Amino acid sequence: MMKGVPKTLLLCMALLAWACSLASSSDPSPLQDFCIAINDTSSDHAVFVNGKFCKHPKLATANDFFFSGLDTARDTSNPLGSNVTLLNVDKILGLNTLGISLARIDFAPYGLNPPHIHPRGTEILVVQEGTLLVGFITSNPDNRLFSKVLNARDVFVFPIGLIHFQFNVGKTNAIAFAGLSSQNPGLITIENAVFGSNPPINPDVLAKAFQLDRNVVNYLQKKF
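Conventions we followed
- Residues numbered from 1 in each chain as written.
- Predicted model: local features only at pLDDT ≥ 70, side-chain atom pairs only at ≥ 80, totals over all residues.
- Heavy atoms only, no water.
- Buried < 20%, exposed > 50% of the residue type's maximum accessible area, 1.4 Å probe, protein only.
- Helix = DSSP H or I, 4+ residues; strand = E, 2+ residues; numbered from the N terminus.
- Pairing = 2+ DSSP bridges.
- Axes fitted to C-alpha atoms, helices over the stretch in contact; angles between N-to-C directions.

Peer 1: Give a description of the pairing of strand E2 (residues 101–107) that names residues and reports values.
Peer 2: Of all 7 residues in E2, 7 are buried, a share of seventy percent or more. Side-chain alternation along E2 places Ser101, Ala103, Ile105 and Phe107 on one buried face and Leu102, Arg104 and Asp106 on a second face that is also buried. Summarising the sheet, strand E1 (residues 82–87) and E2 pair through 6 bridges and their orientation is antiparallel. For Leu86, the partnering residue across the bridge sits in E2 and is Ala103. One ladder, built from 7 bridges, connects E2 with strand E9 (residues 174–180); its direction is antiparallel. Paired with Ala103 across the strands is Ala178, a residue of E9.

Peer 1: Mind laying out the sheet that holds E2, listing which residues take part and the relevant values?
Peer 2: Within a sheet, adjacent strands bond to each other through the backbone by hydrogen bonds, running parallel or antiparallel. Strand order in the open sheet made by the 5 strands is E1-E2-E9-E4-E7, with antiparallel pairing throughout. Edge strands, defined here as strands with exactly one partner in the open sheet, are E1 and strand E7 (155–158). Taken over all neighbouring pairs, the strand axes of this sheet differ in orientation by 20 degrees on average, direction set aside.

Peer 1: Could you give an account of the sheet that holds strand E6 (residues 145–150), naming the residues involved and the relevant values?
Peer 2: Strand order in the open sheet made by the 5 strands is E6-E5-E8-E3-E10, with antiparallel pairing throughout. At either margin of the open sheet sits one strand with a lone partner, and together these are E6 and strand E10 (188–189). Sheet analysis places strand E3 (residues 112–117) next to E10, joined by 2 bridges and oriented antiparallel. Bridge pairing links His116 to Thr189 in E10.

As structure tokens, this is what we get:
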């Protein structure tokens, strides 16, 4: 290991290097849920690009590639007991077109980063402190669970688009860092998307899909 370089910094550098290696030389992948083509660009229609417009290179500064404060613990006093700090292109403008982002995840004891999906990015996670139960589930029809208990310095990969989670099974706080293979990997939290959609999904649909009483569905929709 390089002398004088913190282990956490080396791990973060390794995560970013791995994510960068996934960049493709073919057509770029979508950087949001959808991008509607506009044929008539002479009118007053709103224009939304796949990603972000680019600043002229001569106007770039070091601050465009910089973020400070990832060493600070985040507030986990919420029902889930976790807090995710995502450094994507919205936080570091220099990430635009580079296909990478980074996240810090703080966990209270028994805190949970609930089942969720990143529709545009594979994730590689390293535990800095604590013990995490992590896992992902494959697509139909197998729905196979791949799960491990991770300790400090352990690493786990969550393939793009698959449901995954992290749960602090320890009695102390836990910290993890994750590299993602997109400047805007996206996030779909399963319970929020299903029971908290706007407008709400018809309760009869959810009652039949989850084999629940309609009153239970109504309760969950109000909760989320």
